[in-house]
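Read off the chains here:
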Amino acid sequence: MQVETQEMALFRSTRAALAFAFNFTHGQYKPSAMATMMGGARPEGRGLGGLDGAGTAGLIRAKVDALEPRNRGQILIARFAVQALPCDCRHACCSGFRANAEWLKAIAEISAAARTVLAGCQDNFRLRSVLVRRYFGDQKSLVDAACAAAVDRGTASAHARKVTAYLKGEERQARYAIEGPLKAAGIVE
Ligand SMILES: [Zn+2]
């Protein structure tokens with residue numbers, strides 16, 4: 001079983017597997033886009049657009065959820081889940097997008113954990129949260145971050161250095177930790 005599934009590994013990289021899993025449920029990927037994401041690894045495909053796709057995404061998510069400590073999984077969600085989803089509520093005030101609750105929850109948990117690296121600094125919840133979002137791709141500039149949190153630029157950049165160094169280390173460990181389980185399950189080559 002093990003050998004057989006490994007021969008049929010779906011993804012060439014851990015990155016591709018995670019990106020697939022955290023976006024599949026939103027129906028964002030057309031079969032052609034999925035094939036591209038998988039680096040054309042399996043042109044013959046395995047029906048990833050249908051139930052197989054849902055099953056595969058669920059399996060990858062379960063491996064992420066099983067990571068210990070829990071923060072590792074949250075780091076991967078923050079990196080690979082989309083920040084906003086198309087919204088079709090049709091309210092006049094709607095921008096056409098709504099925040100992805102899963103991504104926001106991951107950011108909140110990571111921000112709480114990041115507090116430990118700012119020991120000795122004046123804690124600023126708002127700033128911490130903005131810096132974490134920024135690390136995971138939010139386009140906000142450091143000046144905007146400082147302004148939103150009502151702190152001076154010096155404070156913002158000092159906190160940014162610490163938070164970024166911490167998150168880089170955490171992300172490296174999280175990516176390393178998920179690789180083994182995904183390979184063992186025959187999902188990644
Ligand atoms: Zn809406």
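Residues numbered from 1 in each chain as written. Predicted model: local features only at pLDDT ≥ 70, side-chain atom pairs only at ≥ 80, totals over all residues.

Caption draft 1: Inspection of the overall build of the protein at higher detail. Scanning the protein from N- to C-terminus turns up 9 helices and 2 strands. Within the protein, the proportion of its 189 residues that are buried is 30%. Pairs at least 24 apart in sequence give 61% of the contacts found in the protein among residues at least 6 apart. (Helix = DSSP H or I, 4+ residues; strand = E, 2+ residues; numbered from the N terminus. Buried ≥ 20, exposed ≤ 12 C-beta atoms within 10 Å, placed from the backbone. Contact = placed C-beta atoms within 7 Å.)

Caption draft 2: The arrangement of the nonpolar core in detail. Formed by 38 residues in total, the largest nonpolar core has its most connected members in Ala17, Leu18, Leu76, Ile77 and Val132. Elements supplying a minimum of two residues to this core: helix 2 (14-24), helix 4 (51-65), helix 5 (70-80), helix 6 (101-114), helix 7 (125-135), helix 8 (142-148) and helix 9 (153-184). In terms of residue count, helix 2 provides more of this core than any other element does, 8 residues in total. The residues contacting Ile77, other than those within four sequence positions of it, are Phe22, Glu102, Trp103 and Ala106. (Core = buried A, V, L, I, M, F, W, Y, C linked by C-beta atoms within 7 Å.)

Caption draft 3: Structural view of the environment of Arg70. Mapped onto the secondary structure, Arg70 falls in helix 5. Look at Arg70 and you get exposed, because 12 C-beta atoms sit within 10 Å. Sequence-wise, Arg70 and Ala174 are 104 residues apart; in three dimensions their C-alpha atoms are separated by 9.9 Å.

Caption draft 4: Structural view of the packing of helix 5 against helix 9. Contact geometry of helix 5 with helix 9 gives a least axis separation of 9 Å together with a crossing angle of 100°. Between helix 5 and helix 9, the crossing angle belongs to the class labelled roughly perpendicular. Facing Asn71, Arg72, Ile75, Leu76 and Arg79 of helix 5, the residues of helix 9 in contact are Glu170, Glu171, Gln173, Ala174, Ala177 and Ile178. A breakdown of the residues in the contact of helix 5 with helix 9 according to their chemical character gives 5 nonpolar, 2 polar and 4 charged. (Axes fitted to C-alpha atoms, helices over the stretch in contact; angles between N-to-C directions. Parallel < 35°, antiparallel > 145°, perpendicular 65-115°, else oblique. Nonpolar A, V, L, I, M, F, W, Y, C, P; charged D, E, K, R; others polar.)

Caption draft 5: Summary view of unusual backbone geometry. Put simply, Glu68 and Pro69 share a cis peptide bond, and its omega is -10°. Following the sequence through the fold, Pro69 ends up in the loop between helix 4 and helix 5. Look at Ala150: it is not a glycine, yet its phi comes out positive at around 55°. Inspection of the secondary structure assignment puts Ala150 in the loop between helix 8 and helix 9. Taking the number of C-beta atoms within 10 Å as the measure of exposure, Ala150 has 10 and is therefore exposed.

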